[in-house]
Amino acid sequence: MSAPTYDVVAIGNAIVDVLSQATDAFIVDAGMNKGSMALMFSPEEADALYAKMGPGIEASGGSAANTVAGIAALGGKCGFIGQVANDELGQIFAHDIRSVGIDFTTATREGEPTTARCLIFVTPDGQRTMNTFLGASQFLPETALDREMIASAAILYLEGYLWDPEEPRAAMRAAIEIARKAGRKVAFTLSDTFCIGRHGGDFRDLMAKDLLDIMFANEAELLALMQTDDFDSAVEAASQQVPMLVVTRGEHGAIAVSGGQTVSVGAEAIARVVDTTGAGDLFAAGFLHGQAQDLSVAESLRLGAICAAEIISHYGARAQVDLKALMAEKLRG
């Protein structure tokens, strides 16, 4: 097996995020479920909700894209595979992700639908309520995969959100096969409980067939996947089916279970939670960067905790400080 060219290559939804502050009353009046992610099924619906937003921040987003952006900010070499349309939002996404040093080679898609967008409303307590029009991102075909990029990555990282549509699901299964044949690791994030509600059987099948090396989940996702209300039994069951299980627990930190050993890390102290958008994505960034650099599980967890804390201290899912410098400072202390 040759030495990897990339630390991490991710496959996920290519989305342009639009973030805006909102009151709890606005969330209620708009009929949203605070703290959740809801899908919009037409560009007209997305346009109507966008018109109600206050001043916003636009940036390339999507869960897996946020993760590789974090890894790149830490000094890692990353690639991203995701579908955008040949439109203005697609150009914004491509320019933005390439500008942070990530290789993005996926060809644009002609015609409808438009590039995906996520309208994110952040309430004063830092909770984010997301409304996503998936658009072109749902039409990533297997033919769009950069096979050489996947085969040359130490870790292939897959986004559970993208498992819904048939075309990207087939592409991700093909990507797993490419990575496996190249002797690389495969990491998977469960993304959301609604994904598990529809595809839990598929996810459990990936585990049962030993196709995953690292699985990321939060508490609610893990309980839903393992079909239990007991956290400890869920951890025990899942950790027997995947070589490394990583579970984030909000203010209670995170744990990783590998080889029968459980390692935990506390949440990093911050002055105030401003916006939880991207917290899990950046935790995964820190952890995967650590693993790609052959750090210990404990060290990788700490990197994840530091990255997550930085993200929730401000609006948006991209770091606003030099992550490499922050990491050096925190680890020195």
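Scroll up to find the structure this text is about.
As the structure is a computational prediction, the values presented were derived from the model and not from experiment.

(A) Fine view of helix H7 (residues 193-208). Its 16 residues give H7 an end-to-end C-alpha distance of only 20 Å, which falls more than 12% under 22 Å, the value for a rise of 1.5 Å per residue. Its maximal kink placed at His199, H7 deviates by approximately 85°. Where H7 is concerned, the buried positions are Cys195, Ile196, His199, Gly200, Phe203, Leu206 and Met207. Those residues of H7 that are buried are in contact with helix H6 (166-181), strand E10 (185-189), strand E11 (214-218), helix H8 (219-226) and helix H9 (231-239). Sitting at the head of H7, Asp192 places a side-chain oxygen 3.0 Å from the backbone nitrogen of Phe194. Among the residues trailing H7, Asp210 stands out with phi positive, at a value near 55°.

(B) Inspection of the side chain of Asn13 at higher detail. Tracing the backbone through its elements, the reader meets Asn13 in the loop between strand E1 (6-11) and strand E2 (15-21). At a separation of 3.0 Å, a polar atom in the side chain of Asn13 contacts the side chain of Ser137. Once residues within four sequence positions are removed from consideration, Asn13 is found in contact with Gly61, Gly62, Phe80, Leu134, Ser137, Glu159, Tyr161 and Leu162.

(C) Inspection of the side chain of Ser300 at higher detail. Along the polypeptide, Ser300 turns up in helix H11 (residues 297-312). The buried category is assigned to Ser300, whose relative accessible area is 0%. Dropping the residues within four chain positions of it, Ser300 is found in contact with Gly286, Phe287, Gly290, Gln291 and Leu295.

(D) Fine view of the nonpolar core. The biggest cluster of nonpolar side chains holds 53 residues, and the ones touching the most others in it are Ile11, Leu145, Ile150 and Leu222. Ranked by residues supplied to this core, first place goes to H6 with 7 residues. Among the nonpolar cores identified, the runner-up in size contains 47 residues, and Cys78, Phe216, Val265 and Val297 belong to it.

(E) Structural detail: the pairing of E10. Counted residue by residue, E10 has 4 buried out of 5 residues, so it is predominantly covered. Where strand E9 (residues 153-159) and E10 come together, 5 bridges link them in parallel fashion. Along E10, the bridge assignment pairs Ile155 with Lys185. Between the parallel pair E9 and E10, the chain is carried across by H6, and the sense of this crossover is right-handed. Taken together, the 3 bridges between E10 and E11 define a ladder with parallel strand orientation. Within the sheet, the bridge partner assigned to Ala187 lies in E11 and is Ile214.

(F) Quick peek at the packing of aromatic side chains. Under the defined criterion, the tally for this structure stands at 10 aromatic pairs. Between Phe93 and Phe104, the aromatic rings sit 5.5 Å apart at their centres with planes inclined by 70°, giving edge-to-face as the arrangement. In this pair, Phe93 is assigned in helix H4 (residues 88-99) and Phe104 in strand E6 (residues 103-104), connecting sequence segments 11 residues apart. The exposure class assigned to Phe93 is buried, which follows from its relative accessible area of 0%. Judged by its relative accessible area of 4%, Phe104 is buried. Aromatic pair Phe216 and Phe287: ring centres 5.7 Å apart, planes at 85°, arrangement edge-to-face. With Phe216 in strand E11 and Phe287 in helix H10 (residues 279-292), this pair connects stretches of sequence that are 71 residues apart. Among the residues examined, Phe216 registers a relative accessible area of 4% and is labelled buried. Through a chain of ring-to-ring contacts, the aromatic side chains of Phe80, Phe93 and Phe104 assemble into a single cluster. A cation over a ring is seen here: Arg109 above Phe139, with NZ or CZ 4.4 Å from the ring centre. Lying across the ring of Phe231, Arg249 places its NZ or CZ 4.0 Å from the centre.

Definitions and limits used
Residues numbered from 1 in each chain as written. Predicted model: local features only at pLDDT ≥ 70, side-chain atom pairs only at ≥ 80, totals over all residues. Heavy atoms only, no water. Helix = DSSP H or I, 4+ residues; strand = E, 2+ residues; numbered from the N terminus. Expected span 1.5 Å × (residues − 1). Bend = angle between axes of the 7 residues up to and from the residue. Buried < 20%, exposed > 50% of the residue type's maximum accessible area, 1.4 Å probe, protein only. Contact = heavy atoms within 4.5 Å. Polar contact = N/O pair within 3.5 Å; in protein donor to acceptor, adjacent residues only side chain to side chain. Core = buried A, V, L, I, M, F, W, Y, C linked by side-chain atoms within 4.5 Å. Pairing = 2+ DSSP bridges. Right-handed = clockwise from strand over helix to strand, strands pointing away. Phe/Tyr/Trp six-rings, centres within 6.5 Å; stacked < 30°, edge-to-face > 60°. Lys NZ or Arg CZ within 6 Å of the ring centre and 35° of its normal.

Just geometry here; none of it tells us what the structure is for.
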